[in-house]
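Spelled out from the first residue to the last, the chains are:
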Amino acid sequence: MSTGSAAVAAGARTDGGARLALSGIRIYPVKSAAGIEVSRWEVDRFGLRYDRRWMVVDRAGDCMTQREHPRMALIGVALADGVLELRAPGAAPLRLPTAPPRAAGSLDVRIWHDRVRATPVSDEADRWLSEVLGTPCRLVFRPDGAERCTRPPPAGAGVPIAFPDAYPFLLLSEESLDGLNARLAEPLPMNRFRPNLIVRGAAAAHAEDTWKRVRVGSIPMDVVKPCARCVITTTDQATGERGVEPLRTLATYRRKGSGVLFGQNLIHRDTGTLRVGDPIEVLAAG
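Model, not experiment: these values are computed from the prediction. (Residues numbered from 1 in each chain as written. Predicted model: local features only at pLDDT ≥ 70, side-chain atom pairs only at ≥ 80, totals over all residues. Heavy atoms only, no water.)

**Here's the deal with the sheet that holds strand S6 (residues 76-80)**
Move 1: Taken in spatial order, the 3 strands line up as S6-S7-S8 in an open sheet, and their pairing is antiparallel. The open sheet terminates on both sides in strands that have one partner only, identified here as S6 and strand S8 (91-97). Shown here is a sheet whose adjacent strand axes are inclined to one another by a mean of 20°, direction ignored.
Move 2: Pairing of S6 with strand S7 (residues 83-88), which is carried by 5 bridges, proceeds in the antiparallel orientation. Looking at S7, one finds that Gly76 is bridged to Arg87.
Move 3: Across the sheet, helix H2 (residues 123-133) is in contact with S7 and S8; its angle to S8 comes to roughly 145°. (Pairing = 2+ DSSP bridges. Helix = DSSP H or I, 4+ residues; strand = E, 2+ residues; numbered from the N terminus. Axes fitted to C-alpha atoms, helices over the stretch in contact; angles between N-to-C directions. Contact = heavy atoms within 4.5 Å.)

Right under this line is the structure:
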C-alpha cells in the first residue's frame, strides 16, 4: 500500500470503523423550491450541476425563500433534455430552457449580503411565479461569469457558488435524523432539512460534526462549518404548512450560542460525478 493509500485508509477509520456510503443525492435547481432526488449527478465548479442556479427575487431584486414564502415548497421542479419544468397546484406546467437567451441582459440581485449580476429568465416565468406565489416576483439565472464565492473564504480561498445561502453542499447523516426522530412525537422526513448529500453508516448521530475532510466517491471535500437551521425546517414540504418542530426539539440538545445546528456545510476541491452508493472516506477528523 502506498503512503497516500495508507493515509486514506487511516482516515476512513476515524469514524469508529463504520462503513460510510452516500445514500442520497438531492438537487434544488430553483432556490427554496422543491428538490429532485437523483441516483447520479455531475459536480461542476459551482457544486451539483444546476443546483440553485435559479432564484426567485422580488421587485427590488432581493432573494425570496420559504422563510417568508412557505408556499414556495409547493413548486415542483423537473430537469430533462435541456428543459427546466416548474409545476404548482392550480397552475399549468411551465417549461423553460436551461440556458436562458443570450439577449436577456442582466439584473443586479441581492442574496443576503452579496450582490451579483443575474440573467432574467423570461416575462412568462415572472408572470407564472407571481400568480403562484401571489406577489410580484421574477425568476433569474446565475450565469457562469457572475462571480460569487463562499464567505468567509475557507482555507484561504473562496469557492465559486451559485445561489445557495453560503456553501455549495449540505451534508446530513441518516443517523442524525434517526436521533432527532427518536425524540419527536411524529418523525420527520429528510426533505425538511434539504440536504444535498445524505450519508448512511455514521458511527453515531452527529458523527459528521467531527469530520474535517472527506472524500465522497472520488471528490475530496472540506467540512467547513455546521449548518444553523431556520424556520424552513418547520415547513411541511408537501403542504407548505408551518409548525414548531423540529426547531423546538433541536433547541433542547443542538443549540450553540444563538443557533440550532443540524448538518454540515461542505466545499468541494474537484469536479466529477457522484453516485448513490459511493463510499465516503473520512480523511481528517477532530
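**Quick word on H2**
Move 1: Along H2, the positions that sit buried rather than exposed are Ala125, Asp126, Trp128, Leu129, Ser130, Val132 and Leu133.
Move 2: Where the residues of H2 are buried, they touch strand S5 (54-57), S7, S8 and strand S11 (138-141). (Buried < 20%, exposed > 50% of the residue type's maximum accessible area, 1.4 Å probe, protein only.)

**Here's the deal with the packing of aromatic side chains**
Move 1: If you walk through the whole model with that rule in mind, you get 3 aromatic pairs.
Move 2: Pairing Phe193 with Phe262 gives two aromatic rings, centres 4.8 Å apart and planes at 50°, and the pair type is tilted. Remark: Phe262 occurs in strand S17 (residues 259-268) and Phe193 occurs in the loop between helix H3 (174-181) and strand S13 (197-200); sequence separation between them is 69 residues.
Move 3: Phe193 gets classed as buried once you look at its relative accessible area, which sits at 0%.
Move 4: Ring pairs connect the aromatic residues Tyr50, Trp54 and Phe141, which therefore count as one cluster.
Move 5: Positioned above the aromatic ring of Phe46 is the side chain of Arg45, whose terminal nitrogen or guanidinium carbon lies 4.9 Å from the ring centre.
Move 6: For Arg183, the ring lying beneath its charged end belongs to Tyr253, and the centroid distance is 3.8 Å. (Phe/Tyr/Trp six-rings, centres within 6.5 Å; stacked < 30°, edge-to-face > 60°. Lys NZ or Arg CZ within 6 Å of the ring centre and 35° of its normal.)

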